[in-house]
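# A structural walkthrough
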Amino acid sequence: DDATTRYMNSPLRFTLGGEIRKAAYSLYNLTDPSNVNYWERDVEYATELLEAVEGLLFLTVGKIAFIGGVRVATGLLVARLPDGTWSAPCAVG
């Protein structure tokens, strides 16, 4: 993957591999020092939050509406296990 893929990709993925890739890009973009919007406190803040959470949910919702409406959502869930490791990813949507 090139550098632009992690910023400009399709928001809707319909495979577990695609959802894992989107979640990895989100975490990487949040903590990457070469990111345009990088601030040193961002990494500290993200690290503090990741150490305290019991799970992470990455969710993308698309909605189209005029009179009626259609919503489509895809996502990924990982949970922290009692021994401190992360569970296998679970697709949501």
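To start, this report covers the structure provided alongside it.

On to the sheet that holds strand S3 (residues 90-92). Taken in spatial order, the 3 strands make up an open sheet running S1-S2-S3, and their pairing is antiparallel. Each edge of the sheet is formed by a strand with only one pairing partner; in this case those strands are strand S1 (55-65) and S3. Sheet twist, expressed as the mean angle between neighbouring strand axes with direction ignored, is 15 degrees. Of the pairings in the sheet, the one linking S1 to strand S2 (residues 69-79) comprises 11 bridges and is antiparallel in character. Residue pairing in the sheet places Gly55 in a bridge with Ala79 of S2.

This part takes up the side chain of Thr74. Within the secondary structure layout, Thr74 lies in strand S2. Taking the relative accessible area as the measure of exposure, Thr74 reaches 6% and is therefore buried. At a separation of 2.9 Å, a polar atom in the side chain of Thr74 contacts the side chain of Glu19.

Another aspect to go through is the pattern of salt bridges. Counted by the stated rule, this structure contains 1 salt bridge. A salt bridge links Lys22 to Glu19; the nearest nitrogen and oxygen atoms lie 3.5 Å apart. Of this pair, Lys22 and Glu19 both sit in helix H1 (residues 16-31), separated by 3 residues, roughly a single helical turn. Residue Lys22 shares its accessibility class with Glu19, and that shared class is buried.

With that out of the way, let us pick up H1. For H1, with 16 residues, the first-to-last C-alpha span of 23 Å sits near the 22 Å given by 1.5 Å per residue. Looking at H1, one finds that the buried residues are Gly18, Glu19, Lys22, Ala23, Tyr25 and Asn29. Angularly, the buried residues of H1 cover 155 degrees about the axis, an arc narrow enough to put them on a single face. Buried residues in H1 make contact with S1 and S2.

In this section: the layout of surface pockets. In this model, the largest pocket occupies a volume close to 150 Å³. Around the largest pocket, the lining residues are Ile20, Ala23, Ala24, Leu27, Leu50, Leu56, Phe58, Leu76, Val78, Trp86 and Pro89. Among the secondary structure elements, those contributing two or more residues to the lining of the largest pocket are H1, S1 and S2. Broken down by element, the residue count for the lining of the largest pocket peaks at 4 residues, all from H1. Broken down by class, the residue content of the lining of the largest pocket amounts to 11 nonpolar, no polar and no charged.

Cut-offs applied
Residues numbered from 1 in each chain as written. Predicted model: local features only at pLDDT ≥ 70, side-chain atom pairs only at ≥ 80, totals over all residues. Heavy atoms only, no water. Pairing = 2+ DSSP bridges. Helix = DSSP H or I, 4+ residues; strand = E, 2+ residues; numbered from the N terminus. Axes fitted to C-alpha atoms, helices over the stretch in contact; angles between N-to-C directions. Buried < 20%, exposed > 50% of the residue type's maximum accessible area, 1.4 Å probe, protein only. Polar contact = N/O pair within 3.5 Å; in protein donor to acceptor, adjacent residues only side chain to side chain. Salt bridge = Lys/Arg side-chain N within 4 Å of Asp/Glu carboxyl O. Expected span 1.5 Å × (residues − 1). Arc of directions from axis to C-beta. Contact = heavy atoms within 4.5 Å. 1 Å grid on protein atoms, 1.4 Å probe; cavity = no way out; pocket = protein on both sides within 12 Å on 5 of 7 lines; lining within 4 Å. Points joined across faces, edges and corners; volume = space filled by probe spheres on them. Nonpolar A, V, L, I, M, F, W, Y, C, P; charged D, E, K, R; others polar.

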